[in-house]
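# A structural walkthrough
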Amino acid sequence: MWAYGTNKDTVINLQKIPLADRKPSDGLIKMDVPEPILGDNEVLIKVKSSALNYNSIWSSLSHPISPFQLINQHIARNKHDIDHQQDYAIFGSDASGIITKIGKNVQKWQEGDEVIIHCNVIDTEEPISQIDGMLAKSQSIWGYETNYGAFAEYCKAKTSQLIRKPSNIDWSIAGSFCLTLSTAYRMLISPNGAQLRPGQNCLIWGAGGGLGNFAIQLANLIGAHPIAIVSTDEKEEQCRKLGASIIINRSRDDFGNFIFDNGEPNYLSWRKAKQTLEKKGVNNLDVVFEHIGRQTMGVSLFLLSKGGKVVTCAASSGFNATIDLRYLWMSVKRIIGSHFANYHEAEQAAQLVFNNQVQPLIHSVNHISKLPEMIDAIHSNSTYGKIVFTHE
Ligand code: NAP
């Protein structure tokens, strides 16, 4: 079968290129690989559509660690997944498709079922997974920390990753939303996240991106006020259409340069950011939706009102961030780490799409052969919304 990902030779060659000079497409190849072999609780899926997430950029750049190291770590946590250890790795964490084969213990699902795959892989026999799958030691992200991800003719998934696709949902929509919507749902709505309340103000970084556009919609859905941060007019317009009434364009408004080159806080720019918010009528900030990391974590914590929460799931601009702890304890604020979503949260989030309460923002629907081109586009921050692929 055909598949997109990488092999060990490609990673070795890629690592000779300095990180700053690497493009994701340098580390992404089309491969001819065997069909995956099914475990007892797994299904084989003919992929109909998939979508690009930022984790495939990390995989393609082989940074901060190579996909093979991630897969080895997954196998160390999940000895039964030894078949994931190959000299190739198939990327992609969002897909939808049709089940074509089932493992010998599968009862609830059958060939022909139309499914959406959510990317949380766990060992369901691990007791803690009954409380929250994200706490399981076995937990990995499918198509990032595991092999046999979305960008292939066929993929395999565990039954605990399957959500039934309603017949009225288009394939291009079905494969587009699960990773980002479920992540934003846990971050903002779930008891495991910030639990945003009606009437509260929520500042959303990267509001025109995959996570951010869902964060706007979720905030609106529960009656909170989303404050969208973007860097282009196009994204500004997009956020307005999604219902963000307050939008800050960080390339134009006084809202940037929050750290010096050595990472130390630029307090003057923090105060200017507060003033920019006040000029827009935002005098109180209850939640900050973070995923930028190094460049913004310090100011995010500073901008919050007393008792506020920063909820974070990533660090696109770098993992090492400086925060000024005085703004944490003196104002009784909280930082909440959040990662994808458990099965229940993913299913609840999907229902919002099925019930038309939240709409995936699709940048474009492309044939899968455009994957290398589109992964470079998302890396250069020149897109908004989800980039979706059809597989036929
Ligand atoms: P995306 O679609 O590429 O959007 C990211 C947005 O971040 C961009 O649109 C950009 O918006 C903004 N941004 C980039 N650099 C910035 C900077 N220095 N300062 C301020 N804003 C900046 O990506 P995404 O799908 O939303 O994902 C965002 C991050 O979350 C990625 O690192 C991804 O790996 C991570 N993630 C984690 C999880 C998890 O489960 N832990 C799940 C999903 C995603 P503007 O330029 O318009 O401001």
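Further up the page is the structure itself.
Residues numbered from 1 in each chain as written. Predicted model: local features only at pLDDT ≥ 70, side-chain atom pairs only at ≥ 80, totals over all residues. Heavy atoms only, no water.

## Thoughts on empty space enclosed by the protein
One pass over the structure, following the stated rule, counts two cavities of 30 Å³ or more. Taken as a whole, the largest cavity encloses approximately 70 Å³ of empty space. Along the walls of the largest cavity sit Lys274, Leu277, Glu278, Val282, Asn283, Asn284, Leu285, Leu303 and Ser305, which together make up its complete lining. A per-element tally of the lining of the largest cavity places helix H8 (residues 267–279) first, with three residues. Each residue belonging to the lining of the largest cavity can be placed in one class, and the counts come to four nonpolar, three polar and two charged. Roughly 50 Å³ of internal volume is contained in the second largest cavity. Every residue lining the second largest cavity is listed: Glu42, Asp81, His84, Val121, Trp142, Thr146, Asn147, Lys156, Ala157, Lys158 and Gln161. For the lining of the second largest cavity, the element with the most residues is strand S9 (residues 154–158), which contributes three residues. In terms of residue class, the lining of the second largest cavity is made up of three nonpolar, four polar and four charged. (1 Å grid on protein atoms, 1.4 Å probe; cavity = no way out; pocket = protein on both sides within 12 Å on 5 of 7 lines; lining within 4 Å. Points joined across faces, edges and corners; volume = space filled by probe spheres on them. Helix = DSSP H or I, 4+ residues; strand = E, 2+ residues; numbered from the N terminus. Nonpolar A, V, L, I, M, F, W, Y, C, P; charged D, E, K, R; others polar.)

## Some words on the site of the ligand
The immediate surroundings of the ligand are formed by 22 residues, with Gly210, Ser231, Arg250, Ser316 and Phe340 found nearest. Trp58 places a side-chain nitrogen or oxygen 3.5 Å from an oxygen atom of the ligand. Alone, the ligand offers 910 Å² of accessible surface; in the complex the protein occludes 88% of this. When each cavity is represented as a set of grid points, the ligand is found to reside in the largest pocket. Every element with two or more residues in the shell around the ligand is listed here: helix H2 (54–61), helix H5 (178–188) and helix H6 (210–221). Per element, the largest residue contribution to the shell around the ligand is three residues, and it comes from H5. Here the residues of the shell around the ligand sort into nine nonpolar, eleven polar and two charged. (Near = heavy atom within 4 Å. Polar contact = N/O pair within 3.5 Å; in protein donor to acceptor, adjacent residues only side chain to side chain. Areas by Shrake-Rupley, 256 points an atom, 1.4 Å probe, with all protein chains shown as cover. Sits in = over half its atoms within 2 Å of the grid points.)

## Points about the pattern of salt bridges
All told, the structure shown has 19 salt bridges when counted by the stated rule. Note that Asp26 and Lys23 form a salt bridge whose closest N and O atoms lie 3.4 Å from each other. A relative accessible area of 30% means that Asp26 is categorised as partly exposed. The partly exposed category is assigned to Lys23, whose relative accessible area is 42%. (Salt bridge = Lys/Arg side-chain N within 4 Å of Asp/Glu carboxyl O. Buried < 20%, exposed > 50% of the residue type's maximum accessible area, 1.4 Å probe, protein only.)

## Topic: H8
For H8, with 13 residues, the first-to-last C-alpha span of 18 Å sits near the 18 Å given by 1.5 Å per residue. On its buried face, H8 is in contact with strand S11 (201–204), strand S12 (225–230), strand S13 (246–249), helix H9 (297–303) and helix H10 (326–329). (Expected span 1.5 Å × (residues − 1). Contact = heavy atoms within 4.5 Å.)

## Description of the sheet that holds strand S1 (residues 2–7)
With respect to topology, three strands assemble into an open sheet ordered S2-S1-S4, the strand pairing being antiparallel. At either end of the open sheet lies a strand with only one pairing partner, and these are strand S2 (29–32) and strand S4 (88–90). Recorded for the sheet is a direction-independent mean angle of 60° between the axes of neighbouring strands. In this sheet, S4 lies alongside S1 in antiparallel orientation, the contact comprising three bridges. For Gly5, the partnering residue across the bridge sits in S4 and is Ile90. (Pairing = 2+ DSSP bridges. Axes fitted to C-alpha atoms, helices over the stretch in contact; angles between N-to-C directions.)

## Thoughts on the nonpolar core
One recurring pattern in soluble globular proteins is that nonpolar side chains are buried together. In terms of nonpolar packing, the biggest core is built from 44 residues, with Ile45, Leu52, Phe151 and Leu162 touching the most fellow members. Not counting residues within four places of it along the chain, the set of residues in contact with Ile45 comprises Gly97, Ile98, Ile99, Thr100, Val115, Ile117, Glu153, Tyr154, Cys155, Ala157 and Leu162. Among the nonpolar cores identified, the runner-up in size contains 42 residues, and Ile116, Tyr185, Leu196 and Ile204 belong to it. (Core = buried A, V, L, I, M, F, W, Y, C linked by side-chain atoms within 4.5 Å.)

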